[in-house]
Amino acid sequence: MAFLSDTLSRVKPSPTIAVTTKAAELKAAGKDVIGLGAGEPDFDTPANIKDAAKAAIDAGKTKYTAVDGIPELKKAICAKFKRDNGLDYTPAQVTIGTGGKQVLYNALMATLNAGDEVVIPAPYWVSYPDMVLLAGGEPVIAEATADTAYKLTPDALEAAITPKTKWLIFNSPSNPTGAGYTWDELKALTDVLLRHPHVWVMSDDMYEHLVYDDFTFCTPAEVEPKLYDRTLTVNGVSKAYAMTGWRIGYAAGPVELIKAMGKIQSQSTSNPCSVSQWAAVEALNGPQDYIAENNKVFQRRRDMVVDMLNAAEGIDCPVPEGAFYVYPSIAGCIGKTSEGGAHIVDDEAFATALLEETGVAVVFGAAFGTSPCFRVSYATSDEALREACTRIQSFCAGLK
Ligand SMILES: Cc1ncc(COP(=O)(O)O)c(C=O)c1O
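Note that the structure is a prediction, hence the values are computed from the model and not measured.

The rules we used
- Residues numbered from 1 in each chain as written.
- Predicted model: local features only at pLDDT ≥ 70, side-chain atom pairs only at ≥ 80, totals over all residues.
- Heavy atoms only, no water.
- Core = buried A, V, L, I, M, F, W, Y, C linked by side-chain atoms within 4.5 Å.
- Buried < 20%, exposed > 50% of the residue type's maximum accessible area, 1.4 Å probe, protein only.
- Helix = DSSP H or I, 4+ residues; strand = E, 2+ residues; numbered from the N terminus.
- Contact = heavy atoms within 4.5 Å.
- Pairing = 2+ DSSP bridges.
- Right-handed = clockwise from strand over helix to strand, strands pointing away.
- Near = heavy atom within 4 Å.
- Polar contact = N/O pair within 3.5 Å; in protein donor to acceptor, adjacent residues only side chain to side chain.
- Areas by Shrake-Rupley, 256 points an atom, 1.4 Å probe, with all protein chains shown as cover.
- Nonpolar A, V, L, I, M, F, W, Y, C, P; charged D, E, K, R; others polar.

Concerning the nonpolar core
Here is step 1: By size, the foremost hydrophobic cluster in this structure holds 76 residues, and its most contacted members are Leu108, Met202, Leu232, Leu309, Ile315, Phe350 and Phe374.
Here is step 2: No other element matches the seven residues that helix α13 (residues 382–397) contributes to this core.
Here is step 3: Not counting the four nearest positions on each side in its chain, Met202 is found in contact with Leu104, Ala107, Leu108, Trp167, Leu168, Ile169, Phe170, Leu232 and Val234.
Here is step 4: With 30 residues, the next largest nonpolar core counts Ile49, Ile70, Ile77 and Tyr290 among its residues.

Structure (structure tokens):
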């Protein structure tokens, strides 16, 4: 009898975490490594949020809470949905988990039966397909290409839907491309969903607040109110409030689904960290002005990285609307050989040679389902980004 479960053989470890770990190991071994793999802001958590957490500890708010979150945070989340998205939710329609990741996982665990399909637009966040597989479902990948700036077209969505489709996972702005859907682009997708009443939408709005230029964020239940009863709107404090380590994510949707998700959580992790929940209350209810301040920094870095990458031979980098990633194509580098003698047969070979020969760590596109590309996270200092892009330029110049 095998000791490890069959389910385990269906999934792979997160490639983005693997890159971050490899870069950290090389650094620890004394190599000059610049990691552009991490999916977290380099800013510190704002002081008012840390103070709220300290106050919660001092007030003894250190015990178990209700499994799916304290009433104060649910109230703050309802107010956030109304304020930012024009969506009306009651506390009974809200669930809070240990990061957006757990909330997404709970939703899939609570709803998928063997053979149920989940449409995932590619390029996708690395965890979606594996979470679907862990929950016993079948990921159906709907490709978005560079021609549409990596945004899913209505035709591609239509083609991916079958009678077995349970969910569409929608993510805007996107990890890994940074692509953000305009109202009209999203409306074209929700129009397709109206024709398929058995399909639900899981909208991962994690990067809602990280948008640049004059881009306006929108979310499916807001764009098409007729989808409200079959939409789970997922969000969290990790990215906008630089709170990745605090592990608070949340979602709102129909009560029956929210209850089912709470049931999964009650038999796995129980409540998310009590102190972090109080910190999240302050994040959502407190001042929001530093988000715009941080975005100015992110936008400046995005512009510099896009310009420098487009100046590298063989690289073509679109300008994304949001998040803190760019997703350049390296089609012009494929088939060449690096100065160190590596054959650039695909984007994994490119990323490996880049790390070994220049010390720059990026995540290869195949990990996100679309090649030949790589993802750069620009959530790191201007100096590190400038140096990394200079090294990428000379690596590309050396390709023969
Ligand atoms: C698209 C997307 N969704 C969800 C998450 C999960 O965020 P967290 O679990 O930190 O709330 C991430 C984190 O990288 C992400 O990029």
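Some remarks on the pairing of strand β5 (residues 165–171)
Here is step 1: Of all the seven residues making up β5, six are buried; the element is thus mostly covered by neighbouring parts of the structure.
Here is step 2: Where strand β3 (residues 117–122) lies against β5, three bridges are found, and the strand directions are parallel. Residue Val118 lies in a different strand from β5, and its bridge partner there is Trp167.
Here is step 3: For β5 and strand β6 (residues 200–204), the ladder comprises five bridges, and the chain directions are parallel. Bridging from a neighbouring strand, Trp167 pairs with Trp200 of β6.
Here is step 4: Traced from β5 through helix α7 (residues 183–194) to β6, the parallel crossover comes out right-handed.

Some thoughts on the sheet that holds strand β11 (residues 363–364)
Here is step 1: If you walk across this open sheet you meet the three strands as β9-β12-β11, and the pairing is antiparallel. Among the strands making up the open sheet, the edge pair consists of β9 (325–326) and β11.

Remarks on the site of the ligand
Here is step 1: Neighbouring the ligand are 13 residues, the closest being Gly100, Asp204, Ser238, Lys239 and Arg247.
Here is step 2: Within the backbone of Gly100, a nitrogen or oxygen atom sits 2.6 Å from an oxygen atom of the ligand.
Here is step 3: Taken by itself the ligand offers 400 Å² of open surface, and the protein chains cover 93% of this.
Here is step 4: The biggest single contributor to the shell around the ligand is helix α4 (residues 99–111), with three residues.
Here is step 5: Here the residues of the shell around the ligand are counted per class, giving four nonpolar, five polar and four charged.

Section: the side chain of Glu208
Here is step 1: Along the polypeptide, Glu208 turns up in the loop between β6 and α8 (220–223).
Here is step 2: Assessed through its relative accessible area of 5%, Glu208 is described here as buried.
Here is step 3: Excluding residues that lie within four positions of it along the chain, Glu208 makes contacts with Lys80, Asp84, Asn85, Pro173, Phe217 and Asn235.

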